[in-house]
Amino acid sequence: MDGITEWIVETFGAAIPAEWIIFAVSLLPLLELRAGILAATLLQVDMIPAFFICAVGTLLPIPLILLFVRQVFDWMRNTCLKGFVQRMEKKVEKNRKKVERYQKWGLFLFVGIPLPGTGAWTGALIAAMMNMRFKDAMPPIIFGTLAADGIMCLLGYGLLGAVL
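Everything numeric here is computed off the predicted structure, so don't read it as measured data.

Colleague: With reference to specific residues and values, describe the nonpolar core.
Modeller: Counting 25 residues, the largest nonpolar core has Ile 62, Leu 66, Phe 73, Leu 107, Ala 137 and Ile 141 as its most contacted members. Of all elements in the fold, only α5 (62-76), α6 (82-100), α7 (104-112), α8 (120-129) and α9 (134-156) reach the threshold of two or more residues within this core. Broken down by element, this core gets its largest block of residues, 7 residues, from α8. Dropping the residues within four chain positions of it, Ile 141 is found in contact with Leu 59, Ile 62, Leu 66, Leu 107, Val 111, Ala 120, Gly 123 and Ala 124. By size, the runner-up hydrophobic cluster in this structure holds 22 residues, among which are Ile 8, Leu 31, Ala 39 and Ile 53.

Laid out in structure tokens, this is it:
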């Protein structure tokens, strides 16, 4: 993740405004706000704007995932992307129990703890595959994203070291 983020910053940093790079990185699955905050620190963007840019970038695709991923996966199963769908479903099954046990709180914690393989995209995918209602899934994903964003800002901007 760090290597990809660094490459994006090095490749586009001189040509595209920093805020757009941060936003674009935050939109990407797997990278999301964790990489967005890293990009923001590399581009020397202040923490507060970076926090909001990363949150918006990460959350923007989530309603689409919650509402349409099952239909998209059904379509993809009939294409050469069948293997991709199977890998994603395997990932969902691997993480499903973490969310199912505590439902909304489980989804919040899954999204809110910024570890590899967790985040808003995966949380939304799990919620959709569990047939969780949109109104039940969206708030934990939003608050989990904000929590992860705050944690990453504390780590990325070195504030955690100053507090401890």
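Colleague: Give me unusual backbone geometry: which residues, what numbers.
Modeller: Excluding glycine, residues mostly have negative phi values, and the peptide bonds linking residues are mostly trans. Even without a glycine there, the phi angle at Leu 30 is positive, about 75°. Examined against the element boundaries, Leu 30 turns out to sit in the loop between α2 (18-27) and α3 (32-42). The exposure class of Leu 30 is exposed, given its relative accessible area of 60%. Unusually for a residue other than glycine, Gln 44 sits at a positive phi of about 60°.

Colleague: For a nonpolar patch on the surface, give the residues involved together with the corresponding values.
Modeller: Taken together, the side chains of Leu 64, Leu 67, Phe 68, Val 72 and Phe 134 make up a nonpolar region of the molecular surface, amounting to roughly 440 Å² of accessible area. With 4 residues, the top contributor of residues to the nonpolar patch is α5. Locating Phe 134 in the fold gives a position in helix α9. Overall, Phe 134 belongs to the partly exposed group, its relative accessible area being 36%.

Colleague: An account of the pattern of salt bridges is needed here, citing residue identities and associated values.
Modeller: In this structure the tally under the stated criterion is 4 salt bridges. When the shortest N-O distance is used, the salt bridge between Asp 74 and Arg 77 registers 2.6 Å. Note on Asp 74: relative accessible area 46%, which makes it partly exposed. A salt bridge links Glu 89 to Arg 77; the shortest N-O distance between them is 1.9 Å. Here Glu 89 is found in helix α6, whereas its partner Arg 77 is found in the loop between α5 and α6, with 12 residues between them in sequence.

Calculation notes
Residues numbered from 1 in each chain as written. Predicted model: local features only at pLDDT ≥ 70, side-chain atom pairs only at ≥ 80, totals over all residues. Heavy atoms only, no water. Core = buried A, V, L, I, M, F, W, Y, C linked by side-chain atoms within 4.5 Å. Buried < 20%, exposed > 50% of the residue type's maximum accessible area, 1.4 Å probe, protein only. Helix = DSSP H or I, 4+ residues; strand = E, 2+ residues; numbered from the N terminus. Contact = heavy atoms within 4.5 Å. Patch = residues over 30% accessible without salt bridge, like charges linked within 9 Å, V, L, I, M, F, W, Y side chains within 5 Å. Areas by Shrake-Rupley, 256 points an atom, 1.4 Å probe, with all protein chains shown as cover. Salt bridge = Lys/Arg side-chain N within 4 Å of Asp/Glu carboxyl O.

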